[in-house]
Amino acid sequence: METLAMHISNGIIDGPVAAVFAALALAVLTFCVLRGRRDLDDRLAPMAGLVAAFIFAVQMLNFPIFTAGVSGHLLGGALAAMLVGPWVGALCVAVVLVVQALVFGDGGVAMLGLNITNMAILGTAAAYLLIALLLRVLPRTPAGLAVTAFVSALVSVVVASQGFVLQYWLGGTTDLGGNLTGLAGTMAGVHLLIGIGEGLITATTVVTVAKVRPDLVYALRALKPAVPAPAVPVAGGAR
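I will try to describe carefully the structure that is included in this document. (Residues numbered from 1 in each chain as written. Predicted model: local features only at pLDDT ≥ 70, side-chain atom pairs only at ≥ 80, totals over all residues. Heavy atoms only, no water.)

## Let's talk about the environment of Leu 40
Relative to the helices and strands, Leu 40 resides in the loop between α1 (15-39) and α2 (44-59). Linking Leu 40 and Val 88, residues 48 residues apart in sequence, is a C-alpha distance of 8.5 Å. What Leu 40 contacts, discounting residues up to four positions off in sequence, is Ala 45 and Val 88. (Helix = DSSP H or I, 4+ residues; strand = E, 2+ residues; numbered from the N terminus. Contact = heavy atoms within 4.5 Å.)

## A short note on a nonpolar patch on the surface
A cluster of nonpolar residues, Met 60, Val 95, Val 99, Leu 102, Val 103, Phe 104 and Val 109, forms a patch on the protein surface that exposes about 640 Å² of accessible area. The topology assignment puts Met 60 in the loop between α2 and β1 (63-65). (Patch = residues over 30% accessible without salt bridge, like charges linked within 9 Å, V, L, I, M, F, W, Y side chains within 5 Å. Areas by Shrake-Rupley, 256 points an atom, 1.4 Å probe, with all protein chains shown as cover. Salt bridge = Lys/Arg side-chain N within 4 Å of Asp/Glu carboxyl O.)

## Remarks on the nonpolar core
Residues Ile 55, Leu 83, Val 84 and Ile 116 are the most contacted members of the largest nonpolar core, which totals 48 residues. Listing elements by their share of this core, those giving two or more residues are α1, α2, α3 (77-84), α4 (86-104), α5 (112-137), α6 (142-171), α7 (180-212) and α8 (218-222). No other element matches α5, which puts eight residues into this core. With sequence-adjacent residues up to four places away left out, Ile 116 is seen in contact with Ala 25, Leu 29, Ala 94, Leu 97, Val 98 and Ile 121. Ile 13, Leu 183, Ala 184 and Met 187 belong to the second largest nonpolar core, which has 14 residues in total. (Core = buried A, V, L, I, M, F, W, Y, C linked by side-chain atoms within 4.5 Å. Buried < 20%, exposed > 50% of the residue type's maximum accessible area, 1.4 Å probe, protein only.)

## Focus: the packing of aromatic side chains
Under the criterion given, the structure shown has four aromatic pairs. Arranged with centres 5.8 Å apart and planes meeting at 45 degrees, the rings of Phe 56 and Phe 104 form a pair that is tilted. Taken together, the residues span a long stretch of sequence, with Phe 56 in helix α2 and Phe 104 in helix α4 at a distance of 48 residues. Taking the relative accessible area as the measure of exposure, Phe 56 reaches 25% and is therefore partly exposed. (Phe/Tyr/Trp six-rings, centres within 6.5 Å; stacked < 30°, edge-to-face > 60°.)

Pasting the structure below:
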C-alpha cells in the first residue's frame, strides 16, 4: 500500500536516487524563487499565502477511492498554477509538503526531494501547460474556466504519479520482478480516480474566486486570449 502513496515514505527509494532528486528539486525551486519575484505584486503576495494555507488545509481532508481500497486528497498543483502562476505555485506546494513532512510525518524527510519533484514541480508544470493551452481554445466563461481547471488538475495528478514510477524504476528498494508496467498502470488508474476529486475541488475553487475577483486569478491575467488574424478586405475580386 505504501508504494501507492504519492507521499513517499523513507526507505521506498534508495539514498543515491533520493539525493539526486533532492538536488534537482532544490535547483528548480531556486529558479522558481528568482522567476517568481518578477510576478510578485500587491495582489499576488498575499494570494500566495492564502493558496498555500488553503492547500494545506484541504490536503488534510481525505476522500476514499473505494475501487482501489485507498484514499486521496488534493495535491494542489493545478489550483496553485491557476491562482498564483507556475513559479509561485510550485513554491506554495513545496512549502506545504515540507511542513507536512516535518510536522506531521506525511512522507519521509529523506524523500522530500522526490515528493517535491512529483507534486510541486511535475504536477504544477503539467497543469500550467494544459491551462495555457485550454484557455486559448475555450471561452473564458465560468464553464470554460471550470473545464480548464478540472482537466488540468486531473492530468497533473496522473503525471505526478508517473514521476513516482520513474523514481521507483531508478532506485526502488523492492524488486518488482520486471513488472514496472503493472506499477505504472496501477498508479495511473488509482490517481485518475483521485484526479477526479482533485478536478472537482480545483474547478469549484477557481470558478468561485473568478466570479468574485477575476483579477486574482493569475491565469486570466497572464494568459491573453488568442487574437484572430484580421480579415483582409478584397476589392475588385479575388487575386
